[in-house]
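Residue-level structure breakdown
If you want the building blocks of each chain, they are given just below.
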Amino acid sequence: CLEKGKGHYVRELGPEISEGESLQAVVPKGVWFGAEVKESDSFVLVSCVVAPGFDFKDFEMAQRDELTMEFPEFQTIIR
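Residues numbered from 1 in each chain as written. Predicted model: local features only at pLDDT ≥ 70, side-chain atom pairs only at ≥ 80, totals over all residues. Heavy atoms only, no water.

Along the polypeptide, Glu21 turns up in the loop between β2 (7–8) and α1 (64–70). Setting aside residues up to four positions removed in sequence, Glu21 forms contacts with Glu12, Leu13, Gly14, Pro15, Glu16 and Lys38. (Helix = DSSP H or I, 4+ residues; strand = E, 2+ residues; numbered from the N terminus. Contact = heavy atoms within 4.5 Å.)

Turning our eyes to something else, we now look at the side chain of Glu3. You can see Glu3 is positioned in strand β1 (residues 2–3). For Glu3, a relative accessible area of 18% corresponds to the buried category. Other than its neighbours up to four places away in sequence, Glu3 contacts Tyr9, Val31 and Phe71. (Buried < 20%, exposed > 50% of the residue type's maximum accessible area, 1.4 Å probe, protein only.)

Let us now look at the packing of aromatic side chains. With the rule as written, the count across this model stands at 3 aromatic pairs. Pairing Phe54 with Phe56 gives two aromatic rings, centres 4.9 Å apart and planes at 80 degrees, and the pair type is edge-to-face. A relative accessible area of 64% means that Phe56 is categorised as exposed. One aromatic cluster is present, built from ring pairs that chain together Phe54, Phe56 and Phe59. (Phe/Tyr/Trp six-rings, centres within 6.5 Å; stacked < 30°, edge-to-face > 60°.)

In terms of nonpolar packing, the biggest core is built from 5 residues, these being Leu2, Leu67, Phe71, Phe74 and Ile78. For Ile78, the contacting residues outside a window of four places in its chain are Leu2, Arg64, Leu67, Thr68 and Phe71. (Core = buried A, V, L, I, M, F, W, Y, C linked by side-chain atoms within 4.5 Å.)

As a further point, take the environment of Gly34. Summarising the element assignment, Gly34 is placed in the loop between β2 and α1. The class for Gly34 is exposed, based on a relative accessible area of 64%. The spacing of Gly34 and Val46 is 12 residues in sequence and 9.2 Å in space, taken between C-alpha atoms.

Right, dumping it as structure tokens:
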């Protein structure tokens, strides 16, 4: 996740709760999030549920170049 003024943080999702993984994560309003797999030959299914209610007029898909300009110190993970 990338948050203005707070930087970058990682949440590891998975079934291994005893190893610090979580089954889900809450991403607050105003925070950009993305997902990646740990191993290149693996896969993941990512879903997003919003509450309360959702209106597409409030939706903004991240643009790589704009994120890189806003968070230049994290260009490697953005790309």
